[in-house]
Each structure stands twice: as C-alpha cells, then as structure tokens.
Amino acid sequence: MPLDTTSYALPVARTVADLRAAVAAWRKQGLRVGLVPTMGALHEGHLSLVDLVKTKADRVIVSIFVNPTQFAPHEDLDAYPRTEAADAAKLAGRGDLIFAPNAHEMYPQGFSTTVSVSGVSEPLEGQARPTHFAGVATIVSKLLLQALPDIAAFGEKDWQQLQVIRRMVADLNIPVEILGGAILREADGLAMSSRNVYLSPEERKAAGQLNVIVRETAAKVAGGAIIADATREGADRIRALGFDHVDYLEVRDAATLEIFPSGRVTGQARILVAAKIGRTRLIDNMPV
Ligand code: PAF
C-alpha cells in the first residue's frame, strides 16, 4: 500500500513497510528523523513534543495508535477518543508523516512477545494498573524498531512511563535519544490530557485544584516535612475536593521511583498523583 498523501495535509503510512520506506528515503538524504508516539486525540501537549523533536530532527513522524495491550479489560479502550482527521489537521505544518497502523499490523496473528521492565514499572501506576507498562514497553519498543528514529519524545505528564522507557532503551541498547517534554497545563494548572474531555463541568472545576494540592505538598516535603505526613494530608484534601478515590499521592526518587528510606527527601525527587473523579482517572506529577 503506498503512502496516503491525499486524505490529509500530511502523508499517512498505514504499514510498517511504508513507514520504513519513508524513513529510508529521508536517510538517503542524510536527514535526522524524530518520532513522537501518541494514541491520538492530540492536544497542545502532544504538539509541543512535535515542536521539541523538530528542534533536533529534520523530519518528525507522529504515530497514532490506541494500543490495546496497555489497557486492562475494565479500562476505557473502546471509549478512548479516536479523532484521526482532527489530529492530522493539528499536525499540518508541524509534523512530516503520520504513522497510523491498525491493530492487525501491530499485533498480527501469532504475536507472542512482551517487553517487561521490572523495578521502575512496579510501584504507583504498576500497582494500580498491573499490565499497563508491559503493554507500553512492548508497543514503544516496536515503534522504535519500526521507525528507527534518532530521537523520540514522550511527555513528562506520564513521568513513570518516561522512566520505564528510558530504562528499557538503556537496557536493550536501542540507539535512540529519549527526550522528555514538559507538562502543558490549562489556565488553572490542570495537566493537559486526552482524558480531560470526560470531565463534567463540576468535575472539571475540582480537577483544576489537583495541581494546587500537589504543588503545596511538594513544597512541604521540600521544606523537610515527613513525606508520609504531607502526602496523607494532601490525599485527604484531594478527597475533600470531591475525588472518589486517590490511587496514590507519593514522593519518590525521580529516576528509579524508589521510596526515600529515611522518610524525608534526600535526593532528586518527584511527587506523583493518580486520583479518580467520576469516571475519569487523572494523573499529574511535579519536581520536588
Ligand atoms: O503516552 C502514550 O500516549 C502511550 O502510552 C504511548 C507512549 C503512545 C504508547 O502507546
């Protein structure tokens, strides 16, 4: 199947063979290639990753694939927004190629391999979503091997995912530079997310306070407070906002996501939160 150059303002590859042919043509011209893996429903956060990669690469591929293996059976795979035409319109003048394979192209009959990263995958999201990071690591390793980019960028919004990918790329000697893109926020500080569209107006208002509590909790532990005390108080405040459940509000080593054994911050730290309001699960994180 040749590249689809007529549907949108930028070409679309639907198969790995077409993706590789496009990349090979760029390589022949000596161009540097970047990749921004996404699940679509693009917002300014994704577009900022495209712009970030563009500062270091001549051509940017944006992959759009809602990856079934990173969703548990009870999660929102079917409801996840699929907005390819709108995504392509947003990428016009910014990206150079969309890679939008179907599930069969990525997981053909007989597919049997899982990439699993121990350690950094295990706490936090790994507890709440035990199969999630194996799905992410598997699809990201496939995308990196399919496109073989010089650079790939992932949002810091999924901080733990970024650390899992960095670990995997280092462990498997995948020859790619991984960039983390800063979290983009709405005017009230809510981290941009494709899932924010699920929020009712009332939930959206409460969601805008989540980042405030996280920031204040981070300031407390940075000032020497005992982590367990500060995070317990922060989680109580999040529930008081109207959140139904706080999966975690924790302060961890920024790279390994291990706890600080002394109970106080003694090195590079990150505060991470996941909390559910109505049917929407929100995550956020900040440096401490
Ligand atoms: O962050 C995401 O959107 C996804 O987890 C990713 C990295 C595109 C893998 O499906």
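Let me sum up the structure you'll find in this document. (Residues numbered from 1 in each chain as written. Predicted model: local features only at pLDDT ≥ 70, side-chain atom pairs only at ≥ 80, totals over all residues. Heavy atoms only, no water.)

## Digging into the overall build of the protein
To keep it simple, the criterion reads: Note on conventions: DSSP H or I runs of at least 4 residues are helices, E runs of at least 2 residues are strands, and numbering of each starts at the N terminus. Using C-alpha atoms as the atom set, the radius of gyration is obtained and then compared with a globule rule of 2.2 Å times the number of residues to the power 0.38. A simple rule labels every residue: compare its accessible area, found with a 1.4 Å probe on the protein chains alone, to the largest value its type can have, and call it buried under 20%, exposed over 50%, or partly exposed in between. We call two residues contacting when some pair of their heavy atoms lies within 4.5 Å. The method behind every accessible area is Shrake-Rupley, applied with a 1.4 Å probe, and residues are considered shielded solely by the protein chains displayed. For the purpose of charge, His is not counted, nor are the chain termini; Lys and Arg are scored as positive and Asp and Glu as negative. Charged side chains are reduced to one point each, which is NZ for Lys, CZ for Arg, CG for Asp and CD for Glu.
Secondary structure assignment for the protein yields nine helices and nine strands. In terms of C-alpha radius of gyration, the protein reaches 19 Å, essentially the compact-globule figure of 19 Å for 288 residues. Considered along the principal axes of its C-alpha atoms, the protein spans approximately 60 × 40 × 40 Å. Put simply, the protein has 288 residues, and 52% of those count as buried. Within the protein, counting contacts between residues at least 6 apart in sequence, those at least 24 apart form 71% of the total. Carbon and sulfur atoms make up 53% of the accessible area of the protein, which totals about 13,000 Å². Charge separation in the protein, taken as the distance between the mean sites of 31 positive and 33 negative side-chain charges, equals 2 Å.

## Observations concerning the sheet that holds strand β9 (residues 280-287)
To be explicit about the condition: One requirement defines pairing of two strands: DSSP has to find at least two bridges between them. Only the contacting stretch of a helix is used when fitting its axis, a line to C-alpha atoms as for every element, and angles between N-to-C directions run 0 to 180 degrees.
Taken in spatial order, the three strands of this open sheet run β7-β8-β9, and their pairing is antiparallel. Two strands in the sheet have a free side with no partner beyond their single neighbour: β7 (245-253) and β9. Neighbour-to-neighbour, the strand axes of the sheet open up by a mean angle of 10°, direction not taken into account.

## Quick word on the environment of Lys 157
Relative to the assigned elements, Lys 157 resides in the loop between β5 (151-155) and α7 (159-171). Distance in space between the C-alpha atoms of Lys 157 and Phe 133 is 15 Å, their sequence separation being 24 residues. In this view, Lys 157 contacts Ile 183, Ala 191, Met 192, Ser 193, Ile 283 and Asn 285; residues no more than four positions away in its chain are not counted.

## A closer look at the packing of aromatic side chains
Counted only if it meets this: Stacked, tilted and edge-to-face are the three classes applied to pairs of Phe, Tyr and Trp rings, where Trp contributes its six-membered ring and a pair requires centres within 6.5 Å; stacked means planes under 30 degrees apart, edge-to-face means over 60, and tilted covers the rest. In our convention, an over-ring charge means Lys NZ or Arg CZ found within 6 Å of a ring centre and within 35 degrees of that ring's normal.
Tallying each qualifying case throughout the model produces three aromatic pairs. Ring centres 5.8 Å apart and planes at 75° place the aromatic pair Phe 71 and Tyr 80 in the edge-to-face group. The burial state of Phe 71 is the same as that of Tyr 80; both residues are buried. Ring plane angle 90° and centroid distance 4.9 Å describe the contact between Tyr 107 and Phe 111, whose orientation is recorded as edge-to-face. Accessibility expressed as a relative area gives 15% for Tyr 107, which makes it buried. Assessed through its relative accessible area of 31%, Phe 111 is described here as partly exposed. Each member of the aromatic cluster is reached from another via a ring pair, and the members are Phe 65, Tyr 107 and Phe 111. The aromatic ring of Trp 159 is capped on one face by Arg 270, whose charged end is 3.7 Å from the ring centroid.

## A closer look at the site of the ligand
Threshold: Only a single heavy atom is needed: when it lies within 4 Å of a molecule or strand, its residue is near that molecule or strand. What qualifies as a polar contact is a pair of N or O atoms within 3.5 Å, subject to a donor-acceptor requirement within protein and to the restriction that residues adjacent in sequence count only when both atoms come from side chains. In the scheme used here, Gly and all other residues not listed as nonpolar or charged are polar, with Ala, Val, Leu, Ile, Met, Phe, Trp, Tyr, Cys and Pro taken as nonpolar and Asp, Glu, Lys and Arg as charged.
With respect to spatial proximity, the complete set of residues near the ligand consists of Pro 37, Thr 38, Met 39, Asn 67, Gln 70, Val 136, Ile 139, Val 140, Phe 154, Asp 158 and Gln 161. Between the ligand and Gln 161, the relevant distance is 2.7 Å, taken from an oxygen atom to a side-chain nitrogen or oxygen of the residue. The fraction of the free accessible surface of the ligand (290 Å²) that becomes covered by protein chains is 89%. Residues that form the shell around the ligand fall into these classes: six nonpolar, four polar and one charged.

## Some details on unusual backbone geometry
Positive phi outside glycine occurs at Leu 124, with the angle close to 50°. With a phi angle near 65°, Leu 257 is a residue other than glycine that sits in the positive phi range. For Leu 257, the location among the structural elements is in the loop between β7 and β8 (269-277). On the basis of relative accessible area, Leu 257 is assigned to the buried category, the value being 1%.

## Considering the side chain of Ser 193
Structurally, the position occupied by Ser 193 is in the loop between β6 (177-181) and α8 (201-222). Ser 193 gets classed as buried once you look at its relative accessible area, which sits at 17%. Among residues more than four places away in sequence, those in contact with Ser 193 are His 43 and Lys 157.

## Overview of the packing of helix α6 (residues 132-147) against α7
Under the convention used in this document: The scheme is simple: roughly parallel for angles under 35 degrees, roughly antiparallel for over 145, roughly perpendicular for 65 to 115, oblique for anything else. In this scheme the handedness of a crossing depends on how the near helix is turned from the far one: anticlockwise by less than a right angle means left-handed, clockwise means right-handed.
Contact geometry for α6 and α7: axes closest at 10 Å, N-to-C directions at 55°. Classified by the angle their axes make, α6 and α7 are oblique. Like other packed secondary-structure pairs, α6 and α7 cross with a definite hand, here right-handed. Contacts between α6 and α7 involve Phe 133, Val 136, Ala 137, Val 140, Ser 141 and Leu 144 from the former and Gln 160, Gln 161, Val 164, Ile 165, Met 168 and Val 169 from the latter.

Keep in mind these numbers describe shape, not what the thing actually does.
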